[in-house]
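Here are the chains, one letter per residue:
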Amino acid sequence: AVALPPLNAFLARELIARGANVSHRNENGASALDWAKRGNDEAMVERLAAKMRENPDDVEGWKMLGRSYAVLGRFADAVGAYAKAAERAPRDAELFADFADALAMVHGQKLEGEPEKLVLRALEIDPKNGKAAFHLIRLLRRTERWNDLVGLLEQRSEAAATNEEKISALLG
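The rules behind the values
Residues numbered from 1 in each chain as written. Predicted model: local features only at pLDDT ≥ 70, side-chain atom pairs only at ≥ 80, totals over all residues. Heavy atoms only, no water. Helix = DSSP H or I, 4+ residues; strand = E, 2+ residues; numbered from the N terminus. Expected span 1.5 Å × (residues − 1). Buried < 20%, exposed > 50% of the residue type's maximum accessible area, 1.4 Å probe, protein only. Contact = heavy atoms within 4.5 Å. Polar contact = N/O pair within 3.5 Å; in protein donor to acceptor, adjacent residues only side chain to side chain. Arc of directions from axis to C-beta. Axes fitted to C-alpha atoms, helices over the stretch in contact; angles between N-to-C directions. Parallel < 35°, antiparallel > 145°, perpendicular 65-115°, else oblique. Left-handed = near helix turned anticlockwise from the far one by under 90°. Nonpolar A, V, L, I, M, F, W, Y, C, P; charged D, E, K, R; others polar.

Draft legend 1. How the structure looks around helix α5 (residues 93–106). Taking 1.5 Å per residue, 14 residues should reach 20 Å; α5 reaches 20 Å between its end C-alpha atoms and fits that length. Within α5, 10 of the 14 residues are buried, leaving the element largely enclosed by the surrounding structure. Listed in full, the buried residues belonging to α5 are Ala93, Leu95, Phe96, Ala97, Asp98, Phe99, Ala100, Ala102, Leu103 and Ala104. Tucked inside the fold, the buried residues of α5 contact α3 (59–71), α4 (75–88), α6 (114–125) and α7 (130–142). Its side-chain oxygen at 3.2 Å from the backbone nitrogen of Glu94, Asp92 defines the N-terminal cap of α5. Of the residues flanking the end of α5, it is Gly108, one or two places downstream, whose phi is positive at about 70°.

Draft legend 2. Structural context of α7. Look at α7: 18 Å from first C-alpha to last across 13 residues, which is about the 18 Å you get at 1.5 Å a residue. Within the sequence span of α7, burial applies to Ala132, Ala133, His135, Leu136, Leu139 and Leu140. Seen end-on, α7 carries its buried residues on one side only, within an arc spanning 160°. A positive phi of about 55° marks Glu144, the residue just after α7.

Draft legend 3. Geometry of the packing of α4 against α5. Orientation of α4 relative to α5, taken along the N-to-C sense of each, is 150°, at an axis distance of 9 Å. Between α4 and α5, the interaxial angle falls into the category roughly antiparallel. Note that α4 runs across α5; the crossing there is left-handed. Contact with α4, carried on its side by Phe75, Ala76, Ala78, Val79, Tyr82, Ala83, Ala85 and Ala86, involves Leu95, Phe96, Asp98, Phe99, Ala102, Leu103, Met105 and Val106 of α5 and no other residues of that element. When the residues that make up the contact of α4 with α5 are grouped by side-chain class, the tally is 15 nonpolar, no polar and one charged.

Structure below.
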């Protein structure tokens, strides 16, 4: 069997070969090259999804699938992939931070509710997780929980000062 490229990639190559201005952007800001690349990305992600159905215990694969869906803006699918990964890796702080991020996107970029629980879980696993801390700071500002925000920032400032002292001592 002959492997054929995805139709949209084939069409983009044909347009280029015929001298079409593929860098021209449509009203949404997308070019023909963007369109072709998106199709290739979608096909790769679908292949990864099929692989995950065959090998459901692959935590790294589920995380990669979640990130891939998120990059494509398919946040509901990303949530599903991250949920599968979280079942298999309940102590992965970065995973929970990414999971919260995707779930917040599904909920209109709101971290309140289940995304907040995932952020707190990430920080429980790793109090120094930067992405989870960033999300928590955003959440506390958005919900005007100023006392909690001040406490969190003070903790982070103390840790930063301690790290700065350690670096200074090493550089002597």
